[in-house]
Amino acid sequence: MPLTIGVPREVFAGEKRVATVPDVVEKLIKLGFKVAVESGAGDAANFSDEVYRTAGAEIVDGAAKLWAGSDIVFKVRGPSSEEVGLLRDGGTLVSFIWPAQNPDLLKQLATKKATVLAIDSLPRTLSRAQKMDALTSQAGVAGYRAVIEAANAFGRFFNGQITAAGKVPPAKVFVAGAGVAGLAAIGTAAGLGAIVRANDTRAEVADQVVSLGGEFVKVDYEEEGSGGGGYAKVMSEGFQQAQREMYAKQAKEVDIIITTALIPGKPAPKLITADMVKSMKPGSVIVDMAAEQGGNCELTEPGQVAVKHGVTIVGYTDLVSRLARQSSTLYSSNLFRLTEELCKTKDGIIDVNMEDEAIRGLTVIKEGSITWPPPAPKLPAAPPAAAKPAAAAPAAKKGHGHGGSSEPMPGNKLAIMFGVVAALFWFVGANAPAAFLAHFTVFVLACFVGYMVVWNVKPALHTPLMSVTNAISSIIAIGALVQIAPPLAGDLARPEEWIRWLAVGGIVLATINMFGGFAVTQRMLAMFRK
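Summary of the structure given here. (Residues numbered from 1 in each chain as written. Predicted model: local features only at pLDDT ≥ 70, side-chain atom pairs only at ≥ 80, totals over all residues. Heavy atoms only, no water.)

**Quick notes on the sheet that holds strand β5 (residues 92–95)**
The sheet built from eight strands is open, its strands ordered β3-β2-β1-β4-β5-β6-β18-β19 with mixed pairing. Looking at the sheet topology across the chains shown, the edges are occupied by β3 (58–60) and β19 (369–370). Examined bridge by bridge, strand β6 (residues 115–118) and strand β18 (residues 363–366) share two bridges and lie antiparallel to one another. Paired with Leu 117 across the bridge in β18 is Thr 363. In this fold helix α5 (residues 103–110) packs onto β5, β6, β18 and β19, with an angle of close to 35 degrees to the strand it touches most, β18. (Pairing = 2+ DSSP bridges. Helix = DSSP H or I, 4+ residues; strand = E, 2+ residues; numbered from the N terminus. Contact = heavy atoms within 4.5 Å. Axes fitted to C-alpha atoms, helices over the stretch in contact; angles between N-to-C directions.)

**Notes on the environment of Lys 172**
Relative to the helices and strands, Lys 172 is located in strand β9 (residues 172–176). Sequence spacing of Lys 172 and Ala 194 is 22 residues, and the spatial spacing of their C-alpha atoms is 5.8 Å. Here Lys 172 is in contact with Ile 195, Arg 197, Glu 253, Val 254, Asp 255 and Ile 256, once residues within four sequence places are set aside.

**Looking at the pattern of salt bridges**
Under the counting rule described, the total for this entry stands at 23 salt bridges. Notably, a salt bridge pairs Arg 156 with Asp 255, separated by 3.8 Å at the nearest N-O pair. Of this pair, Arg 156 sits in the loop between α6 (134–153) and β7 (161–163) while Asp 255 sits in the loop between α9 (237–253) and β14 (256–259), placing them 99 residues apart in sequence. You can call Arg 156 partly exposed: its relative accessible area is 34%. Classification of Asp 255 by relative accessible area gives buried; the value is 6%. One salt-bridge network, in which partners are shared between bridges, spans Arg 128, Lys 131, Glu 341, Lys 344 and Asp 356. (Salt bridge = Lys/Arg side-chain N within 4 Å of Asp/Glu carboxyl O. Buried < 20%, exposed > 50% of the residue type's maximum accessible area, 1.4 Å probe, protein only.)

**Focus: a nonpolar patch on the surface**
Nonpolar side chains collect at one region of the surface, where Met 417, Phe 418, Val 421 and Phe 425 lie side by side and expose about 380 Å² of accessible area between them. Relative to the helices and strands, Phe 418 resides in helix α13 (residues 411–431). (Patch = residues over 30% accessible without salt bridge, like charges linked within 9 Å, V, L, I, M, F, W, Y side chains within 5 Å. Areas by Shrake-Rupley, 256 points an atom, 1.4 Å probe, with all protein chains shown as cover.)

**Focus: the environment of Ser 121**
Relative to the assigned elements, Ser 121 resides in the loop between β6 and α6. Classification of Ser 121 as buried rests on a relative accessible area of 16%. Spatially, the C-alpha atom of Ser 121 lies 9.7 Å from that of Ala 100, the residues being 21 residues apart in sequence. Excluding residues that lie within four positions of it along the chain, Ser 121 makes contacts with Pro 99, Gly 361, Leu 362, Val 364 and Trp 372.

Structure (structure tokens):
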């Protein structure tokens, strides 16, 4: 019998998202499942009961009836105590759980002999898990919305303008934390025309910041901040002091600060102090995206917009819900991809395979047994050690070979090679006609010069260069034209007919080569232009 997936209405205050949208309902039915949706579950995200019904879902009145009739429950927020009581014994729940912060919830769910998949526990380092990564999809929405909220609270344009009424300078935005949410905020703010700066403890994100149109502001302190799994780690006191000094400087200069810093299982770090808020220009804005976990700003009031020292501090905890339709669509797509992994047979039956690293990471309770935290991820096998040579070769002298690391060719081999080449050239010069010798000399020089030119070009430009040289090499068209042209006075008779037609074919191919080469060059070079 195919299983029934139930989608209840979210009961968390202010939550407007829904776990499944009508388009995904159709896909779940194709996998063999039945889908039941509580009446009104999608209203806040602008998905009516009628649209769900048209997609093939059954509309159920009342949460108790929906939970009782569902083998699998899809939710956004973790269940309340009342909802845990409604969960069918031995049922399956897929939702945000945050097991590190909610140990009591795990114990309650375990008493129901349930199987619980926490979408927030997905191993994000697995490339195949990206399609199921709801944290990333929701963080991207939050980062975008944070900039929209900042623009709403800010008293000026984001982009600079010159009008008849005067000049408007562009807004300066500083983003603290360049994870998924931070990068989304950087791209959105830059797209609106602001001058964007950003900082992160992970040095590897600097290039991503620049690629989105921002400037990476580095802390004057050397320490790596990557904590594994795509998150940052807690930094040393020395780094934090240098970071505070940098934040204090930015607070005096910028108009808008957007903070995104979070560390899994810990309160949000305090990055913006009350003194920094006081130093900001009147009318400035702070959007604290970590407000739900306590906030990155000391003066943040979670869930509220507060004005302190002339600075508007936005502490909304429902940024993602403020784009409920978009975030619900992305989240439901993540759950559908997870369902595909659980139901590879497409018969409406799931298999929670604990041998699958991604599924194992998600599964925090299996049939009533708490399985969180998962074991450490398997590391790739170390490459076999290279066998030591019997005798170490003498080190090459610095400056010889390529980059000083390769040995030069032995003198006797080099002498033999030059001798063979010289003998070959002597033979050609002694026996070939004078006209051929002139062409042969040009050919050899062209090969040598062309080789040296191409060899010394930066790899990033190889493709555009190759297309240009390919087009230029079509100078062969000149030779073909000579073969077709009528003979001059004193010349021999016209060439044979087959030579003429070969020349015509050469011109056609060379023309295609020339035009195609330059066309490809222009398209390739366009990729290097902003």
